[in-house]
There are 2 protein chains.
Amino acid sequence: MLDKGVPAPKPTRIQAAKRAQILKAALAVFSIAGYRAATLDRIAEEAGLSKASLLYYFAGKEAVYVAVLEDTLAFWLEPLAALDPDGDPLEEIGRYITTKLEMSKKRPAASRLFANEILAGAPAIGRFLEGPLKDLVDRQTAVISGWIDEGRLAPVDPRHLLMMIWAVTQHYADFDTQVQAVLGPGAARKRFSVARETVLSVLLEGLKPRG
Amino acid sequence: MLDKGVPAPKPTRIQAAKRAQILKAALAVFSIAGYRAATLDRIAEEAGLSKASLLYYFAGKEAVYVAVLEDTLAFWLEPLAALDPDGDPLEEIGRYITTKLEMSKKRPAASRLFANEILAGAPAIGRFLEGPLKDLVDRQTAVISGWIDEGRLAPVDPRHLLMMIWAVTQHYADFDTQVQAVLGPGAARKRFSVARETVLSVLLEGLKPRG
DNA sequence: GGAAAACTTGACTAAATGGTCAAATTACAC
DNA sequence: GTGTAATTTGACCATTTAGTCAAGTTTTCC
């Protein structure tokens, strides 16, 4: 997005490797601390190089941040694009919920990174939200609306349905501290499997076409 | 909690007024920026006094932050404590959801303040989560479990049910930027009323006792 | 093996920011 | 009104941190 100068010189093997290394470290640090509290020194340490060296690969703190966001966005939205219009509605939505919960479990840093960014008012990805994200949501809500029109799903607002699913699934990544505190040390271990059962049970039952 | 020295001298009328004024400004600033990005200069400006003056009323940045959190916590949890064991389960839960959504609409700063704090790992209120909050949740999940045992509610894990409700309702405060971007300028105006309909419809239907 | 390019970093600068303090101003009790 | 306590703040200090740079080291390519 805002990488190289004009003619985009080919990146060396070392550049690719180091940039990936830095992005991994940056995700870890930004997702825990947020943009402002994260420091380049901390990211450099996590990536195993000096701050000056880090700044040889990225133009500045903001450039690192934007790169991490872009690097993670596509991955995070992938499952939504995978909704199959020809599949069974409840199965498709159930699979989407399961996948999103699995992602919250395995890649909580990605979810927290976005949570921090959106909470701060989405200064870096505001355009993305209004553009590509809205487009994807428009497309997939059309699929859901189709299912509703065919009477295979309860009639609810498809956009807000998606938001409910995002809210519930990402909650287990973003607010894990609270989840674990409230569940207590015993139940915290199984939190993701019980969450899956509960969420699937309530949402799928609530979405069944009404007699 | 960590206010005065030993004998707790009586606060003047001016002190009470100024502290309230500062807390209001601090909520606005902390909730948007998070702890680290918020500056005392910004809070002082918002409160209409100098930074030095602000520090006459509070021991330091952290003291202001803790005071704001404490000031907001009880208010935020109030509706949960109001669940009536003798009421109709679906009505009680529906009222809880409606109240929480209403709070997200009217006091989004409070929700965002907690979201930032929990995302950062709850450094300031970790003890509160494990203590008073967990106790309240334990008490109210017992109420819900009672309803389930009586067959008046679908059998779901009551703790995760509460988390679903928190997730969905607070989402509309914490992620409002995303919500508005995805809904588009037209639908954003009515977002809270459509959210209420959708959330109530899906969750209450999903919680009806199963035949 | 040598030169050029790519890479690395310690030392530095400038800006932001939490916090201190002494001096000035205001509020209040009598 | 006068004196004391409460309040206010400009000026200042110390620390943190993003970003620069020149001087070195390593890699690459012939």
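Description of the structure in this document. Fair warning: this is a prediction, and the values are worked out from it, not measured in the lab.

Rules and cut-offs
- Residues numbered from 1 in each chain as written.
- Chains lettered and ligands numbered in written order.
- Predicted model: local features only at pLDDT ≥ 70, side-chain atom pairs only at ≥ 80, totals over all residues.
- Heavy atoms only, no water.
- Helix = DSSP H or I, 4+ residues; strand = E, 2+ residues; numbered from the N terminus.
- Buried < 20%, exposed > 50% of the residue type's maximum accessible area, 1.4 Å probe, protein only.
- Contact = heavy atoms within 4.5 Å.
- Areas by Shrake-Rupley, 256 points an atom, 1.4 Å probe, with all protein chains shown as cover.
- Lys, Arg positive; Asp, Glu negative; His and termini not counted.
- Charge placed at Lys NZ, Arg CZ, Asp CG, Glu CD.
- Axes fitted to C-alpha atoms, helices over the stretch in contact; angles between N-to-C directions.
- Parallel < 35°, antiparallel > 145°, perpendicular 65-115°, else oblique.
- Left-handed = near helix turned anticlockwise from the far one by under 90°.
- Nonpolar A, V, L, I, M, F, W, Y, C, P; charged D, E, K, R; others polar.
- Least-squares fit on C-alpha atoms with pLDDT ≥ 70 in both.
- Core = buried A, V, L, I, M, F, W, Y, C linked by side-chain atoms within 4.5 Å.
- Buried area = accessible area lost by both parts, 1.4 Å probe.
- Salt bridge = Lys/Arg side-chain N within 4 Å of Asp/Glu carboxyl O.
- Polar contact = N/O pair within 3.5 Å; in protein donor to acceptor, adjacent residues only side chain to side chain.
- Expected span 1.5 Å × (residues − 1).

1. Overview of the overall build of chain A
When helices and strands are counted, chain A shows 10 helices and zero strands. Each helix and strand of chain A, ordered N terminal to C terminal, gives the series α-α-α-α-α-α-α-α-α-α. Taking the principal axes of the C-alpha coordinates as reference, chain A spans close to 65 × 45 × 30 Å. Counting the 211 residues in chain A, one finds 53% classified as buried. In chain A, 70% of the contacts between residues at least 6 apart in sequence involve partners at least 24 apart. With an accessible surface of roughly 10,000 Å², chain A has 53% of that area assigned to carbon and sulfur atoms. Here chain A contributes 27 positive and 25 negative side-chain charges, whose respective centroids are spaced 8 Å apart.

2. Section: the packing of helix 4 (residues 61-81) of chain A against helix 7 (residues 126-149) of chain A
All names here are of chain A. Contact geometry of helix 4 with helix 7 gives a least axis separation of 10 Å together with a crossing angle of 15°. Considering the angle they form, helix 4 stands roughly parallel to helix 7. Between helix 4 and helix 7 the crossing geometry is right-handed. Contacts between helix 4 and helix 7 involve Leu-73, Leu-77, Leu-80 and Ala-81 from the former and Phe-128, Leu-133, Leu-136, Val-137 and Gln-140 from the latter. Its residues placed into classes, the contact of helix 4 with helix 7 shows eight nonpolar, one polar and no charged.

3. A few points about the relation of the copies chain B and chain A
Mapping chain B onto chain A calls for a screw motion: a turn of 180° about the axis and a shift of 0.0 Å along it, with 0.1 Å RMSD after fitting. The two molecules are tied by a two-fold rotation axis, judged by turn and shift. Across chain B, the smallest distance between a C-alpha and the rotation axis is recorded for Gly-206 of chain B, namely 1.8 Å. An overlap of 100% is found between the interface residues of chain B and their copies at the interface of chain A, pointing to a shared contact surface.

4. A closer look at the nonpolar core
Phe-30, Ile-93 and Leu-203 of chain A together with Phe-30 and Leu-203 of chain B are the most contacted members of the largest nonpolar core, which totals 143 residues. Excluding its chain neighbours within four sequence positions, the residues that come into contact with Leu-203 of chain B are Met-164, Val-202 and Leu-203 of chain A together with Ile-97, Met-164 and Ile-165 of chain B.

5. As for the interface of chain B and chain A
Each partner contributes residues to the interface: chain B has 49 residues there, and chain A has 49 residues. Across the interface of chain B and chain A, roughly 4,600 Å² is buried in total on both sides, 74% from carbon and sulfur atoms. We note a salt bridge from Glu-205 of chain A to Arg-210 of chain B, for which the minimum N-O separation is 4.0 Å. In this structure, the connection of chain B to chain A is made through four residue pairs in polar contact (both at pLDDT 80 or more). Secondary structure elements with two or more residues in the side of chain B that touches chain A: helix 1 (13-37), helix 6 (108-119), helix 7 (126-149), helix 8 (158-174), helix 9 (176-188) and helix 10 (191-207) of chain B.

6. Considering helix 5 (residues 89-106) of chain A
Residue and element names in this part refer to chain A. If you check helix 5, its first and last C-alpha atoms are 26 Å apart, about what 18 residues at 1.5 Å a residue would give, namely 26 Å. Of the residues making up helix 5, those classed as buried are Pro-89, Leu-90, Glu-92, Ile-93, Gly-94, Tyr-96, Ile-97, Lys-100, Leu-101, Met-103 and Ser-104. Where helix 5 is buried, its residues contact helix 4, helix 6 (108-119), helix 7, helix 8 (158-174) and helix 10 (191-207).

7. Describing the pattern of salt bridges
Residue and element names in this part refer to chain A. Counting across every chain of the model gives 21 salt bridges over all chains. Arg-152 is the partner of Glu-150 in a salt bridge, and the nearest nitrogen-oxygen pair spans 2.9 Å. The shortest N-O distance in the salt bridge between Lys-208 and Glu-205 comes to 3.3 Å. The network of salt bridges with common partners includes Arg-42, Glu-45 and Glu-46.

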